[in-house]
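A closer look at the structure
Single-letter residue listing:
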Amino acid sequence: MPFEVFRRNQRVLIAVFGIMAMISFVLSDSLPRLLNAGNGGRDQEVAKLYGKSVYRSELNEMARQRSRANQFLNGLMPYMRDQFGSLKDRELVDALILEHEADRLGMTATPAVGREWLKTITQGRMNRELFEMLYSRFSSEISQEQLLTDIANQVRIRKVRGLLGYPMVTPYDVYESYRDQTERVADKIVEVPVENFLTKVGEPSDAEIKTLYDQYKDVLPDPSRETPGFKVPRQVQVEFLSLDGNAKARGYRDKLTDAELQTYYENHKTEFKVPSELPDDLFADGASLTPPVLQPFSEVKGFLAPRLADEKAQTEINETFNRIRDEVLIPFADEYLSALDDQEDAKKQGAKTEIKLPAPLDLKAVAQKEGVNYEITPLLSRDEAERYGQISTAEVGTTRLSGGRKFSEEFTDPKISLYEPVELTDILGTRFLARKVKDEAPRVPPLDEVKSDVILAWKQSKARPLAEKAAEALAAQIKEKGGKIAEDKVDGYRVISIPPITRTQMGGMPSSPFEPTPQVETTIPEVPLAGDAFRDAYFGVKPGETDVAPNLPKTVYYVVALDRREPANFTQLYDPIKGEEFRFKMLTTEEAGRRQDDNWMAWLRKQAGLPADWVPADEAKKDLAANG
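Parameters and conventions
Residues numbered from 1 in each chain as written. Predicted model: local features only at pLDDT ≥ 70, side-chain atom pairs only at ≥ 80, totals over all residues. Heavy atoms only, no water. Pairing = 2+ DSSP bridges. Helix = DSSP H or I, 4+ residues; strand = E, 2+ residues; numbered from the N terminus. Contact = heavy atoms within 4.5 Å. Axes fitted to C-alpha atoms, helices over the stretch in contact; angles between N-to-C directions. Buried < 20%, exposed > 50% of the residue type's maximum accessible area, 1.4 Å probe, protein only. Patch = residues over 30% accessible without salt bridge, like charges linked within 9 Å, V, L, I, M, F, W, Y side chains within 5 Å. Areas by Shrake-Rupley, 256 points an atom, 1.4 Å probe, with all protein chains shown as cover. Salt bridge = Lys/Arg side-chain N within 4 Å of Asp/Glu carboxyl O. Core = buried A, V, L, I, M, F, W, Y, C linked by side-chain atoms within 4.5 Å. Polar contact = N/O pair within 3.5 Å; in protein donor to acceptor, adjacent residues only side chain to side chain. Phe/Tyr/Trp six-rings, centres within 6.5 Å; stacked < 30°, edge-to-face > 60°. Parallel < 35°, antiparallel > 145°, perpendicular 65-115°, else oblique. Expected span 1.5 Å × (residues − 1). Bend = angle between axes of the 7 residues up to and from the residue.

Strand order in the open sheet made by the five strands is β9-β10-β3-β14-β13, with antiparallel pairing throughout. A strand with exactly one partner marks an edge of an open sheet, and here the two such strands are β9 (489-490) and β13 (546-550). As paired strands, strand β3 (residues 184-193) and strand β10 (residues 493-497) are joined by three bridges and run antiparallel to one another. Following the sheet pairing, I189 is matched in β10 by I496. Taken strand by strand, helix α18 (residues 532-540) contacts β3, β13 and β14 (556-566), and its axis lies near 30 degrees from that of β14.

Written out as structure tokens, the structure is:
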């Protein structure tokens, strides 16, 4: 959108930028002073630590210091990026808290400390030549002594963060972690839905309805929470065009000729060099003496066809989407934004003439003309957008795994204007050209609009104890029969047979290549929103016993009975050849350390006067704007 705004107002903006450049030149010496804390309130307060205000300028200084220290270390060890942490506001505020704790403990940050630390981590290999080579990246931004001081300060901050040392991990902790990933449990569970008891609780009075509405009218709904929320979240409507890149590539691949592939090979043959142990410049000024050895066309032909076909498909999609964007979407977005500007100007001048916004062109007709797919969504909350069809997995960008924002994050951002064209791509190669056509801000609905939801929430709260009591009676009945469930239904309630699963499994990405892959909880089939209470019951139920546990929102109570357990093999963990003791010890230590570190930082935040789960105001506002 900034580029569209610039295009529409380029003459005015160029003049403004020129004036701003002159002003910034004149004020370049005084601007830093204007941003210092306590200067007439110009500097924004970010937080209060130890009873004193922390200003944006202090956070900026910590960010500059951390950035320099990270940059130096990234040059020294490029395989381990940003070891001192990120530049997010929360981490920078934490850094100020840790710095305060380091001062209290008498830990100094001097050039000598920084110099000694660099020698230690390089095992004595840090010398003047290496330091000056890395320092040269900073030009004359800071002195060498200041850079060493920055590094020393970040080192002591990191040391305070890890002051508690390695957590104590027992052999039993390691075995528990191993068991959670290897012991498989199959249970049979009986569903006792709360909705079955709604007719047994009567109707709420008008006063009860009003009380419940007032209590939760400004709370957003959360499907994982027991309590209701009646506030309507931000909702957006998006219309989009799509083209299947893979399908187009397959169509091109079937039509490629050997001549086309041969020409493509000739234009890209340097990419098919056979790796050599010798450097390309083995002989100075004699590259012709060691010509590269290339893979012949016959060996790479099978690889060339899908690559060339994909390039042709992407070129066609780019041409189609660029034509629609440049000839249809951007001109209308410009017209719409100009009308908004005119409306705003008219309001400021008190004009009585109403300026109408232009009606959007029929994008469906454009799609039919261009031979692309068209779809328009209903109004979607962020949660709904995260689950809305194929486009929900797409990321902003024109290539697979581009790293851009996901569909839901992009279009529920209130900063994204209506009718601004955005391109996205999913992992399967489908390309999307989308625009937001409606954006309704979060709102508190009147009681009449959500009265049925309020009544349902009241009935659910009264029906839960009845459902729980019925489940407990059923559990006792099953236990009396030996704790086994053989039927498909018990007293009319559905029985679900869960196949053998482990409590946890490997998943996600480690934060560095030297750390173990983290564990994630295994999804339990047919039990959406299974919380800790249900998981404890599922994996902990003993033979002949039963247990009762609800899902997170307590909309269903489950009677849990063991079907079979496939125990973890204790000897396999410690097998001298194939044992996994080392891996699970690393994994257990890493997770225990993360918990210890989080608890330590939470305690330090409380000491500084912040809530343990403090979130910067701008992040909180961003979440509020997106969700309500």
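Moving on, there is more to tell.
Next up on the list: the pairing of strand β7 (residues 422-425). Both faces of β7 are covered, namely the face carrying V422 and L424 and the face carrying E423 and T425. Pairing of strand β6 (residues 395-396) with β7, which is carried by two bridges, proceeds in the antiparallel orientation. By the bridge assignment, E395 is partnered in β7 with T425. Where β7 meets strand β8 (residues 430-440), four bridges bridge the pair, whose relative direction is antiparallel. Looking at β8, one finds that T425 is bridged to R431.

Turning to a nonpolar patch on the surface, a few remarks are in order. Together, L401, I427 and L428 line one region of the surface with nonpolar side chains, adding up to about 340 Å² of accessible area. By the element assignment, I427 lies in the loop between β7 and β8.

Turning our attention to the pairing of β8. Each regular strand displays side chains that alternate between the two surfaces of the sheet. Within β8, eight of the eleven residues are buried, which leaves it mostly tucked inside the rest of the structure. Two elements, strand β4 (residues 235-244) and β8, share ten bridges in a ladder whose sense is antiparallel. For D244, the partnering residue across the bridge sits in β8 and is T430. Hairpin connection of β7 to β8: four residues between the antiparallel strands, including G429 at a positive phi of 95 degrees.

With 28 residues, the main nonpolar core has V190, V192, F230 and L474 as its most contacted residues. Of all the elements in the fold, those that place two or more residues in this core are β3, α10 (206-216), α17 (447-480), β10 and β14. The element that contributes the greatest number of residues to this core is α17, accounting for ten residues. When near neighbours in sequence (up to four residues on either side) are disregarded, V192 contacts F197, A467, A470, A471, L474, Y493, V556 and Y557. Residues A63, A102, I157 and L604 belong to the second largest nonpolar core, which totals 22 residues.

Mapped onto the elements of the fold, Q154 is located in helix α8 (residues 144-161). Relative accessible area serves as the criterion here: at 1%, Q154 is assigned to the buried category. A distance of 3.0 Å separates the side chain of Q154 from the side chain of R66, its partner in a polar contact. With sequence-adjacent residues up to four places away left out, Q154 is seen in contact with M62, Q65, R66, A69 and F84.

This brings us to the pattern of salt bridges. Within the structure shown, the criterion is met by 42 salt bridges. With a shortest N-O distance of 3.0 Å, R494 and E191 are connected by a salt bridge. With R494 in strand β10 and E191 in strand β3, this residue pair connects regions lying 303 residues apart in the sequence. The class for R494 is partly exposed, based on a relative accessible area of 39%. The class of E191 is buried, set by a relative accessible area of 16%.

Once that is clear, we can look at the packing of aromatic side chains. Per the stated rule, a full pass over the model turns up 16 aromatic pairs. Aromatic pair F84 and W117: ring centres 5.9 Å apart, planes at 45 degrees, arrangement tilted. Taken as a pair, F84 in the loop between α4 (56-76) and α5 (89-104) and W117 in helix α6 (residues 111-121) lie far apart in primary sequence, 33 residues in all. Each member of the pair F84 and W117 is classed as buried. Ring centres 5.8 Å apart and planes at 75 degrees place the aromatic pair F240 and F432 in the edge-to-face group. Here F240, found in strand β4, pairs with F432, found in strand β8; they are 192 residues apart in sequence, far enough to count as distant. Aromatic ring contacts, followed pair by pair, group Y175, Y178, F570, Y574 and F584 into a single cluster.

Here the focus is the packing of helix α12 (residues 258-268) against helix α13 (residues 297-349). Taken N-terminus to C-terminus, the directions of α12 and α13 make an angle of 95 degrees; their axes are 9 Å apart at the nearest point. Here α12 is positioned roughly perpendicular relative to α13, judged by the angle of their axes. Within the contact between the two elements, α12 uses D258, E260, L261, Q262, Y264, Y265 and H268 and α13 uses F297, V300, K301, L304, A305, R307, L308, E311 and K312.

This part is about α17. Here α17 spans 48 Å end to end across 34 residues, near enough to the 50 Å set by a 1.5 Å rise per residue. Of all the bends in α17, the greatest reaches close to 35 degrees and is centred on A463; the proline P465 follows between one and four positions later. Within α17 the residues assigned to the buried category are V450, V454, A457, W458, K459, A463, R464, A467, A471, L474, A475 and I478. For α17, the secondary structure elements touched by its buried residues are β3, α10, β9, β10, β13 and β14.

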